[in-house]
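# Chain and residue survey
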Amino acid sequence: AANSTNKGARFHSDNNDFFMDFQADATQTWTLRDYDGSGGIHTRFTFDFVNGNFTATGDLIAQDDLTVADDASIGGDLTVTGNLTVSGTTTTISTANLNVEDAIIMLQAEQTGASATDMGIIMERGSTGDNAAIIWDEGLDTFVMGTTTETGADTDVTVSAGNLTVGTLTTT
């Protein structure tokens, strides 16, 4: 029976082996639960109307576009079977190893007109010493390898030339 603190609806299969409750309680939280006929109760999702939180347990399948207007957090794995487009100014990947299938990595791909920005790779060395760097110095119009105190956030990177060990060096 419904009362002032717990209102909802129950849907069930024709042979009553599956029930689904959609309830609202005094905290203005809606909960969808199903009963599997063997006594198991499974909470599938909750929606907190006061705080705007949506929680899904199990698979959440969107048959069409899914839009999230604010931050989203995935607690487990996320698999994208199509293309992934990230539209923002910063993309952070925190991973132990990064494997890239492409043979060529293009930096500053959207650059049009003259560039005033150095570009390259800076390797964080922690407390060991200054960061290691392989940089195209736009102002000097040359590559520089060595160490720097700067980070990937810098656009004009000063590099102290470092040592390079090679087996054979061929120049033209």
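Residues numbered from 1 in each chain as written. Predicted model: local features only at pLDDT ≥ 70, side-chain atom pairs only at ≥ 80, totals over all residues. Heavy atoms only, no water.

### Focus: the overall build of the protein
The criterion, for reference: Segments assigned H or I by DSSP are reported as helices when at least four residues long, segments assigned E as strands when at least two residues long, and all are numbered from the N terminus. Burial here depends on accessible area, computed with a 1.4 Å probe over protein chains only, as a share of the maximum for the residue type. Under 20% is buried, over 50% is exposed, and the range in between is partly exposed. In what follows, a contact means two residues having at least one pair of non-hydrogen atoms within 4.5 Å. The accessible surface values rely on the Shrake-Rupley method and a 1.4 Å probe; as for residues, cover is taken only from the protein chains in view.
Scanning the protein for helices and strands turns up zero helices and nine strands. From first element to last, N terminus to C terminus, the protein shows the α and β order β-β-β-β-β-β-β-β-β. Scored against the burial criterion, the 172 residues of the protein give a buried share of 12%. Across the protein, contacts joining residues at least 24 apart in sequence account for 7% of those joining residues at least 6 apart. When the accessible surface of the protein is totalled, it reaches about 14,500 Å², and 50% of it is carbon and sulfur.

### Considering the layout of surface pockets
For clarity, the threshold we go by: A pocket, in this scheme, is an open set of points on a 1 Å grid over the protein atoms alone with protein on both sides within 12 Å along at least 5 of 7 lines, while a cavity is a set where a 1.4 Å probe fits but cannot get out; residues line either one if an atom lies within 4 Å of a point. Grid points are joined across faces, edges and corners, and a volume is the space filled by probe spheres set on the points. Following the grouping adopted for this structure description, the nonpolar residues are Ala, Val, Leu, Ile, Met, Phe, Trp, Tyr, Cys and Pro, the charged ones are Asp, Glu, Lys and Arg, and the polar ones are all others, Gly among them.
The volume enclosed by the second largest pocket comes to roughly 780 Å³. Along the wall of the second largest pocket there are 23 residues; nearest its centre are Ile-105, Met-106, Leu-107, Gln-108 and Gly-120. It is strand β6 (residues 119-123) that provides the largest number of residues to the lining of the second largest pocket, a total of five residues. Of the residues that constitute the lining of the second largest pocket, the class distribution is 13 nonpolar, five polar and five charged.

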